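# Analysis of the macromolecular model
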Amino acid sequence: MFAQTFRFFDQRPQWNAFQSRVRTAFEPRKPRHRLLRFVLGVVGLGLLALLVFFSVFVGAAMIVAGLTYKLWQRRGKPMAARGSRHGHDVVEGEFRVVDPAKVEHRSNTAR
């Protein structure tokens, strides 16, 4: 394939100038001046910090809104009793004692 195959060269100089401007618009370059390069770097870091700061507050607002919604949905419903009369580590319920022979028999047949 020839090197000139995909080159769009026109004899009109205004068309070539337009293509050059479009091409350079999508190829940003760093400025050569040291102070301007430093200022643009600081502006970029400031913009990055602002976006991170904004996203943290948006995330916190979403968490607060979710918790508020959950609490609002539970309003008026009874909560579980905090402290029972037996203490915090006792589970109240009805229990049944199982014959040890039946438990042993079932564990042998499950294998």
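Residues numbered from 1 in each chain as written. Predicted model: local features only at pLDDT ≥ 70, side-chain atom pairs only at ≥ 80, totals over all residues. Heavy atoms only, no water.

### Examining the packing of aromatic side chains
Taken as a whole and assessed by the stated rule, the structure comprises 1 aromatic pair. Seen from the ring of Trp 72, Arg 75 lies directly overhead, with NZ or CZ sitting 4.2 Å from the centre. (Phe/Tyr/Trp six-rings, centres within 6.5 Å; stacked < 30°, edge-to-face > 60°. Lys NZ or Arg CZ within 6 Å of the ring centre and 35° of its normal.)

### Here's the deal with a nonpolar patch on the surface
On the surface, Leu 35, Phe 38, Val 39, Val 42 and Val 43 cluster together to form a nonpolar patch covering roughly 480 Å² of accessible area. For Phe 38, the location among the structural elements is in helix 2 (residues 34-73). (Patch = residues over 30% accessible without salt bridge, like charges linked within 9 Å, V, L, I, M, F, W, Y side chains within 5 Å. Areas by Shrake-Rupley, 256 points an atom, 1.4 Å probe, with all protein chains shown as cover. Salt bridge = Lys/Arg side-chain N within 4 Å of Asp/Glu carboxyl O. Helix = DSSP H or I, 4+ residues; strand = E, 2+ residues; numbered from the N terminus.)

### Section: helix 2
The end-to-end C-alpha distance of helix 2, which contains 40 residues, comes to 59 Å, matching closely the 58 Å that a straight helix rising 1.5 Å per residue would cover. In terms of residue burial, helix 2 counts as a barely covered element, since only 0 of its 40 residues are buried. (Expected span 1.5 Å × (residues − 1). Buried < 20%, exposed > 50% of the residue type's maximum accessible area, 1.4 Å probe, protein only.)

### Thoughts on the confidence of the model for the protein
Confidence in the prediction for the protein averages 78 pLDDT; 71% of positions are at 70 or higher. Summarising per-element confidence for the protein, the mean pLDDT is lowest in helix 3 (residues 100-109) (66) and highest in helix 2 (94). (pLDDT = per-residue confidence, 0-100.)

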